[in-house]
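Structure at a glance
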Amino acid sequence: MTLSEELLMAYDRQLRTDAETPSATGVERLGPLRLVTFAGGRGFVTYQDLDGADARTIAGWVAEALAFYRSDPAIARVEWKTRGHDHAPGLHGALLDNGFEPDETESVMIGPAHSLNVEVQLPPGVSLRRVSAERDIRAMSAMQDEVFGVDPSDGNAEAILRRVARDDGMELWVAEHEGLIVSAGRLEPVPDTEFAGIWGGATRAEWRGRGIYRALTAARARAALTLGKKLIHSDSTEYSRPILERYGLRRVSTTTPYRWRR
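In what follows, the accompanying structure is described. (Residues numbered from 1 in each chain as written. Predicted model: local features only at pLDDT ≥ 70, side-chain atom pairs only at ≥ 80, totals over all residues. Heavy atoms only, no water.)

**Re the packing of aromatic side chains**
Cut-off, in case you're wondering: Between the rings of Phe, Tyr and Trp (Trp by its six-membered ring), a pair exists once the centres lie within 6.5 Å; its type follows the angle of the planes, with under 30 degrees stacked, over 60 edge-to-face, and the other angles tilted. Strands are runs of DSSP state E lasting at least two residues, helices are runs of H or I lasting at least four, and both sets are numbered from the N terminus onward. The buried label goes to any residue with under 20% of its type's maximum accessible area, the exposed label to any with over 50%, and the partly exposed label to all in between, with areas taken from a 1.4 Å probe on protein chains only.
Summed over all chains, the structure comprises 5 aromatic pairs. A ring pair is formed by W80 and F100, whose centres lie 6.2 Å apart and whose planes are at 80°; its orientation type is edge-to-face. Residue W80 is located in strand β4 (residues 77–83), and its partner F100 is located in the loop between α3 (91–97) and β5 (101–102); the two are separated by 20 residues in the primary sequence. Each member of the pair, W80 as well as F100, is classed as buried.

The structure is reproduced here in structure tokens:
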């Protein structure tokens, strides 16, 4: 077994469980599927595998899962998280038939946390810090909304504030220049596993290519090591993937979210 295969096996066994959704407000089962509900009207469908199901069975699950969320008027949007290495006959077509639309495919990256723990020289005047105050979280979320090209709203900020109130281990990190947040990301240690996830990495366009994202990633890796985590995982865009590969993370699979909106 190659190292990439070993890392993928660890990912499937350790992360594709309830550990994947620590902030869920509810979880229902439908065959192998976990139908997750989050505060703020968001549904999320995930699973460890599809139990070798055929296309007809999978199509039935998709329709039933959507009916479950449609029955709750509070649910405004649903994400179905797919992985490229799954055996899932007919899933793409069934999702499209039920009104889901595929988003950008990202790389599932995994590697040792210590490989990301490197010294990076920041541009003059840029500093890193961990944040937890509401004002900082709202500023961070607004910057991420802008960078990711989504409609500015308080939805992201409110969800993060609720998690901070629960104190579930999530850490929020930002890079600042003269009081302006120019890059941000979060660290999510996964309880009872070897993993910590790095998520939400966003850098303002005019500050890219200057080592800030690498420095922010290194800070989060050091924090993960302090918590005893050995492996880092991330769903990465084509912007962040090469940076993570440079420091030893491997692309073990892909993930494509399919999104439905009421």
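**Quick notes on the side chain of T254**
Operational definition: It only takes one pair of heavy atoms within 4.5 Å for two residues to be counted as in contact.
Tracing the sequence through the fold places T254 in strand β12 (residues 250–261). Residue classification places T254 among the buried positions, given a relative accessible area of 17%. Among residues more than four places away in sequence, those in contact with T254 are T82, R83, G84, T105, E106, S107 and V108.

**Some words on the pairing of strand β8 (residues 171–177)**
Here is the rule: Note on pairing: DSSP must find at least two bridges between two strands before they are called paired.
With 7 of 7 residues buried, β8 is to be regarded as a mostly interior element. With burial as the criterion, each face of β8 is covered, one bearing E171, W173, A175 and H177 and the other bearing L172, V174 and E176. Of the pairings in the sheet, the one linking strand β7 (residues 126–131) to β8 comprises 6 bridges and is antiparallel in character. The partner of L128 across the bridge, within β8, is A175. Looking at chain direction, β8 and strand β9 (residues 180–189) are connected through 7 bridges and run antiparallel. Following the sheet pairing, E176 is matched in β9 by I181. The hairpin turn running from β8 into β9, its antiparallel successor, is 2 residues long, and E178 in that turn takes a positive phi close to 50°.

**Points about unusual backbone geometry**
Note: most residues except glycine have negative phi, and most peptide bonds are trans. Positive phi values are uncommon outside glycine, yet D51 reaches one of about 55°. Inspection of the secondary structure assignment puts D51 in the loop between β3 (42–47) and α2 (55–70). Given the relative accessible area of 58%, D51 is considered exposed. Despite not being glycine, D167 has its phi angle at roughly 55°, a positive value. Structurally, D167 is set in the loop between α5 (155–166) and β8. Since its relative accessible area comes to 66%, D167 is described here as exposed.

**Some details on the environment of A94**
Here A94 lies in helix α3. Sequence separation between A94 and V62 is 32 residues, and the spatial gap between their C-alpha atoms is 6.6 Å. Look past the residues within four positions of A94 in its chain and what remains in contact with it is A59 and V62.

**Looking at the pattern of salt bridges**
Any two side chains of opposite charge can pair, on the condition that their charged atoms come close. Quick note on the threshold: Between Lys or Arg on one side and Asp or Glu on the other, a salt bridge is scored when a side-chain nitrogen of the former is within 4 Å of a carboxyl oxygen of the latter.
Under the defined criterion, the tally for this structure stands at 19 salt bridges. The partner of E20 in a salt bridge is R34, and the shortest N-O contact between them spans 3.1 Å. A residue pair is termed long-range when its members are at least 10 positions apart, and E20 in the loop between α1 (3–15) and β1 (26–30) and R34 in strand β2 (residues 33–38) qualify at 14 residues. Close ionic contact of R83 with E20 constitutes a salt bridge, the shortest N to O distance being 2.6 Å. Taken together, the residues R83 in strand β4 and E20 in the loop between α1 and β1 connect sequence positions 63 residues apart. Judged by relative accessible area, which is 6%, R83 ranks as buried.

**Some words on the side chain of E171**
Let me state the cut-off plainly: Distance and chemistry together define a polar contact, namely a pair of N or O atoms within 3.5 Å, with one atom able to donate a hydrogen and the other to accept it when in protein, and with adjacent residues in sequence counting only for side-chain atoms on both sides.
The residue E171 is located in strand β8 in this model. A polar contact of 3.2 Å, which involves the side chain of E171, links it to the side chain of W173. Excluding residues that lie within four positions of it along the chain, E171 makes contacts with R130, G185, R186, L187, A223 and L227.

**Describing the nonpolar core**
As a reminder, the rule being used: We define the nonpolar core as a collection of buried residues of types Ala, Val, Leu, Ile, Met, Phe, Trp, Tyr and Cys that are connected through side-chain atoms lying within 4.5 Å of one another.
Within the largest apolar cluster, 22 residues are counted, with the highest numbers of intra-cluster contacts made by L33, V62, W80 and F100. For this core, the elements supplying multiple residues, two or more each, are β2, β3, α2, β4, α3 and β12. A per-element tally of this core places α2 first, with 6 residues. Beyond its immediate sequence surroundings of up to four residues, F100 is in contact with V62, L66, V78, W80, L95, Y258, R259 and W260. Listed in part, the 17 residues of the second largest apolar core include L116, L216, A221 and A224.

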